[in-house]
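Listed below are the residues making up each chain.
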Amino acid sequence: MPAEVKVEAKSAQFASPPLTERQEARRRRILHASAQLAGRGGFDAVQMREVAESSQVALGTLYRYFPSKVHLLVATMQDQLDHMHGTLRKKPPAGDSAAERVAETLMRAFRALQREPHLADAMVRALTFADRSVSPEVDQVSRQTTAIILDAMGLDDPTPAQLSAVRVIEHTWHSALITWLSGRASIAQVKIDIETVCRLIDLTDPGERI
């Protein structure tokens, strides 16, 4: 069994029990309130007391679900990525090559974030501020991004070389998002950077090991 599978299996033994239908509904309300507040005013607009009031849960209950604002906003990003992934599966990218499909996918995701710049900024700031206590949530964001890219590539069983290329693409996409949010890159420049890094996919030999 590969090492990463062993780690995931071990982690699953200590995973929290699944939420009940009522708990899941409560969690959905919390995430919806978080996204709405962030969408209106960014990171600073997301105050735990206001989130609790908007989602109609007690403040103590909110903290049991999410120990801090950073935990909450990283979970909000997980939720946004889940929604993006579902949308992309319904309407897959149409490029002829894997590189073209991944570039199209990431630009579609980028444009979705572009429509909600305050929300995008809040989520990216939360990822930046996240300490070790938020590592499981941050790792989940990375896994979701990887899954989106692999779906676009049409891969179920990527080689180590392909996974290395995917990691570099993820890093570039995240960096491009930060530079755009800070006003240091235009959408046109982001598109060029994404298309350039996605060429790594075509250069990756499936038989190579990195």
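As a starting point, this report considers the structure included with it. Please read these numbers as outputs of a predicted model, since none were measured by experiment. (Residues numbered from 1 in each chain as written. Predicted model: local features only at pLDDT ≥ 70, side-chain atom pairs only at ≥ 80, totals over all residues. Heavy atoms only, no water.)

### Focus on the overall build of the chain
Right, on to step 1. In terms of regular secondary structure, the chain is built from 10 helices and 0 strands.
Right, on to step 2. Along the chain, helices and strands appear, N-terminal first, in the series α-α-α-α-α-α-α-α-α-α.
Right, on to step 3. Each of the 210 residues in the chain was classed as buried or not, and the buried ones make up 41%.
Right, on to step 4. Here the analysis covers contacts within the chain between residues at least 6 apart in sequence; of these, 73% occur between residues at least 24 apart.
Right, on to step 5. Accessible area of the chain: about 12000 Å², with a carbon and sulfur share of 52%. (Helix = DSSP H or I, 4+ residues; strand = E, 2+ residues; numbered from the N terminus. Buried < 20%, exposed > 50% of the residue type's maximum accessible area, 1.4 Å probe, protein only. Contact = heavy atoms within 4.5 Å. Areas by Shrake-Rupley, 256 points an atom, 1.4 Å probe, with all protein chains shown as cover.)

### Looking at helix H2 (residues 21–41)
Right, on to step 1. For H2, spanning 21 residues, the distance from its first C-alpha to its last is 31 Å, which sits close to the expected 30 Å at 1.5 Å a residue.
Right, on to step 2. All of the buried residues in H2 are Arg26, Ile30, Leu31, Ala33, Ser34, Ala35, Leu37, Ala38 and Gly39.
Right, on to step 3. As for H2, its buried residues are in contact with helix H3 (48–55), helix H4 (59–65), helix H5 (69–90) and helix H7 (117–129). (Expected span 1.5 Å × (residues − 1).)

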